[in-house]
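# Architecture at a glance
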Amino acid sequence: MISYKVGLENIQWDKLFDLYKRVGLLKRFIENNEYHKIQSAFKNSYKVVIAWDDEKLIGACRMISDGICYGSVFDVGVLPEYQKKGVGKNLMNTLLEGEDYIPIHLTATFGNEDFYKKIGFKRHKTAYSKYPWETIYTEE
Ligand SMILES: CC(C)(COP(=O)(O)OP(=O)(O)OC[C@H]1O[C@@H](n2cnc3c(N)ncnc32)[C@H](O)[C@@H]1OP(=O)(O)O)[C@@H](O)C(=O)NCCC(=O)NCCS
């Protein structure tokens with residue numbers, strides 16, 4: 001049975017790293033074997049949601065927030081064999097539960113924009129971002 005849990009209880013860190021390896025997120029840390037940094041990032045997050053198929057970790061996402069003014073969502077990932085079955089949507093709904101009173105920001109990876117549209121996000125007219133490396137995600 002698939003369940004969604006807030007928090008890092010019973011987390012199998014190696015399975016979390018495998019998830020992100022397989023879906024191509026957090027690449028720069030994975031390529032440099034900096035798994036401890038991913039672990040710290042998750043521990044320092046405002047909220048983490050893990051999707052479990054019984055004891056198996058099948059998806060995850062997290063929010064960074066002050067809990068008062070704003071929140072940002074990152075690292076939404078579902079194992080490829082579990083995608084398109086509603087797991088991503090349920091992960092996000094669990095992450096957003098109780099956060100209705102703050103604006104939530106996120107950026108989609110290419111090709112996944114409509115996933116966020118379907119769960120109620122709208123394109124931001126004036127969003128800006130600054131990367132310390134070259135990225136295909138920003139305009140000139
Ligand atoms: C993006 C991702 C998290 C979506 O998870 P998922 O479990 O496949 O999504 P769901 O099955 O919950 O989809 C919910 C709805 O969005 C739709 N949807 C999912 N991915 C979509 C996509 N890429 N484009 C358009 N619609 C999409 C589904 O068809 C479904 O629509 P419905 O409610 O009309 O049936 C998953 O594909 C993933 O892990 N991708 C790789 C990692 C990644 O790039 N993550 C995004 C980081 S910003």
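The shown structure was predicted, so the numbers you read here are calculated from the model rather than taken from an experiment.

On to the pairing of strand S3 (residues 56–65). Buried residues dominate S3, accounting for seven of its 10 residues. Note that strand S2 (residues 47–53) and S3 share seven bridges and pair antiparallel. Following the sheet pairing, Val48 is matched in S3 by Arg62. Between the end of S2 and the start of S3, which pair antiparallel, lie two residues, with Asp54 showing a positive phi angle near 50 degrees. Counting the residues in the hairpin turn of S3 and strand S4 (residues 71–78) gives five residues, including Gly67, whose phi is positive at 75 degrees.

Enumeration over the complete set of coordinates arrives at six salt bridges. When the shortest N-O distance is used, the salt bridge between Asp18 and Lys21 registers 3.7 Å. A residue pair is termed a helical-turn pair when its members lie 3 or 4 positions apart in one helix, as Asp18 and Lys21 do in helix H1 (residues 13–23) at three residues. Note that Arg22 and Glu81 form a salt bridge whose closest N and O atoms lie 3.0 Å from each other. Here Glu81 lies in the loop between S4 and helix H4 (87–96) and Arg22 lies in helix H1, a separation of 59 residues in the sequence. Note on Arg22: relative accessible area 47%, which makes it partly exposed. Classification of Glu81 as partly exposed rests on a relative accessible area of 38%.

Thresholds, definitions, all that
Residues numbered from 1 in each chain as written. Predicted model: local features only at pLDDT ≥ 70, side-chain atom pairs only at ≥ 80, totals over all residues. Heavy atoms only, no water. Buried < 20%, exposed > 50% of the residue type's maximum accessible area, 1.4 Å probe, protein only. Helix = DSSP H or I, 4+ residues; strand = E, 2+ residues; numbered from the N terminus. Pairing = 2+ DSSP bridges. Salt bridge = Lys/Arg side-chain N within 4 Å of Asp/Glu carboxyl O.

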